[in-house]
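Each chain is listed here by its residues.
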Amino acid sequence: MEFAFLNSPAVYLEIGRDVLRAAQDTSRAELPLERGADGKLTAECRERIASGLRAFVVRKSFQGRARAYCGIAANGVSLRRLTLPATTKDKFEQVLRLQIEAEFPLSPDELAWGYQMLPVNSAASQEVLVVAVKREVVEEYRELLADCGLDAVFTLAALARNFVCPQPQGTHALLDVSGARAELILFERGVAVSIRSVPVGSELPAAIKQGKIYVTGADAGQLARVVSRIGGNAVALNVEPGLSAAISGLKKCVEENQAAGLLLLQNRAKTVSGRFNVTSPEVKPLLKVAAILLAILLLLPVIEAAVLKPFLSRKLAALQAQRGRLATIDHELDFLQSLKQSQPPYLDALFVLAKSAPPGTRFDSLTMDKRGEVSLRGMMQNGAQVTDFRSKLIASGFFSIVTVEEQTPTPDRQRVNLRMTALWKTADARASLAIGPTADEIKAAKASKDTSGGGGFPGGMMFP
């Protein structure tokens, strides 16, 4: 699977029972979740989460749809180790689907599931680790994230946390504490063996307490108490500040190009082999509908011509009656275009000057004529601002010549008096320039006007 997606920065999510955590670069977000009696997110919660994630995504200026790596909680998740008979690669998934259908209470089409090949294989069999959850759980999250402009892939948060362990391929237990519940997962030689959700404070199985137990959690105080209660075999895992262990594991996995090793939960469509039988009872109704749609498609041009002919006739007569006005319109248009081309660009010149002026600038006088000659006198804070102002005027492409005629410091040496002349380019040379405020600047100016209760000059300029 290809994990680079339009060169957009990746978003990392952990979707728990009561909270959704998100991270991208240095940005962090934590949104509470509310669920109904059926375990699904409430309508109000979906709207709030969608609004929060949209703001999070827009703030990062993503290009297109960004890839989101999501770790989900262990509630309702089944983790099983299956033994399959040895088979060829092209028939492997078909055999695996049959085994899942026999071992799980739901059919493979009703599950979002993924698998991982285990190294314990022989000539007659092969072992596979299968993780599955109800399809509607993943689809609910996928639709919510798609509305926020995110293309999401899903795995278990407990599996993602293993990537931050000192020895991910070792044998150990991993306990993540969050509020009153904790997720406990056991690994043997890097392979997940069992996963469960347990109340915080409950006794762990003796077999687990004898081995190494890594403990993670967002609350440092609660984490220290749990480690102290478990005993000497418990070790608190330190992760990047502001990130949960699951997000840290996902981030490390992706940044170290190990994303292909993630066990992803997917909706796998069933592959049906055999010939397409047009005489089957299931296909005949579909063929009838297709035939009706095809007939309508073929007759549509004829029907359209018959229905629209009177309307088009009236429209054509009206256009012919108004054809005599075209000469007058062309004459007026030529007059307006010549007037526009001959009009000196005083406002454009003022906009370029205001846009280029540094903060604290003061203009005492400004003159312009139709030939494009501009002369101004003013005051700036220092010589560097004068040089920067002249550079910006030249870089704007509006002026062909910009000359600093005079630059003298004030008696108190706090500011610099300047006199400058410029000459704007010809109309043909200015035709390709986009002069004027952007949409964001217009919006900011309106907001500033509403706040101050009146108009004002462009930012950074002082007028006497």
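Residues numbered from 1 in each chain as written. Predicted model: local features only at pLDDT ≥ 70, side-chain atom pairs only at ≥ 80, totals over all residues. Heavy atoms only, no water.

On to the sheet that holds strand S3 (residues 27-32). Read from one edge to the other, the open sheet built from five strands follows the order S3-S2-S1-S4-S8, with strand pairing classed as mixed. One side of each edge strand has no neighbouring strand; the edge strands of this open sheet are S3 and strand S8 (150-156). The mean angle between the axes of side-by-side strands here comes to 20°, regardless of whether they run parallel or antiparallel. Pairing between strand S1 (residues 11-15) and strand S2 (residues 19-24): four bridges, direction antiparallel. Bridge pairing links Glu14 to Arg21 in S2. Here helix H3 (residues 135-147) sits on the sheet and contacts S1, strand S4 (66-72) and S8; the angle it forms with S8, its principal contact strand, is near 150°. (Pairing = 2+ DSSP bridges. Helix = DSSP H or I, 4+ residues; strand = E, 2+ residues; numbered from the N terminus. Axes fitted to C-alpha atoms, helices over the stretch in contact; angles between N-to-C directions. Contact = heavy atoms within 4.5 Å.)

Our next topic: the side chain of Ser244. By the element assignment, Ser244 lies in the loop between strand S13 (234-236) and helix H7 (245-255). With relative accessibility at 13%, the residue Ser244 sits in the buried group. A distance of 3.3 Å separates a polar atom in the side chain of Ser244 from the backbone nitrogen of Ile247. Look past the residues within four positions of Ser244 in its chain and what remains in contact with it is Glu14, Arg21 and Val239. (Buried < 20%, exposed > 50% of the residue type's maximum accessible area, 1.4 Å probe, protein only. Polar contact = N/O pair within 3.5 Å; in protein donor to acceptor, adjacent residues only side chain to side chain.)

Before going further, it helps to examine the confidence of the model for the protein chain. Here the protein chain shows a mean pLDDT of 84. Residues at 70 or above account for 89%. Predicted confidence in the protein chain is weakest over strand S18 (residues 461-462), with a mean pLDDT of 41, and strongest over S1, with 94. Note on residues 271-275: pLDDT under 50 across the span, and zero contacts to partners over four residues away in sequence or across chains. Considering only residues more than four positions removed or in separate chains, one finds that residues 455-464, a stretch of pLDDT under 50, has 17 contacts. (pLDDT = per-residue confidence, 0-100.)

Once that is clear, we can look at the sheet that holds S13. Strand order in the open sheet formed by five strands is S11-S10-S9-S12-S13, and the pairing between neighbours is mixed. Edge strands, defined here as strands with exactly one partner in the open sheet, are strand S11 (191-199) and S13. Averaged over all neighbouring strand pairs, the angle between strand axes comes to 20°, with direction disregarded. As paired elements, strand S10 (residues 181-188) and S11 share eight bridges and run antiparallel to each other. Looking across to S11, one finds that Phe187 is bridged to Ala192. Against the sheet, helix H6 (residues 220-230) makes contact with strand S9 (172-178), strand S12 (213-217) and S13, and its axis sits at roughly 160° relative to S12, the strand it touches most.

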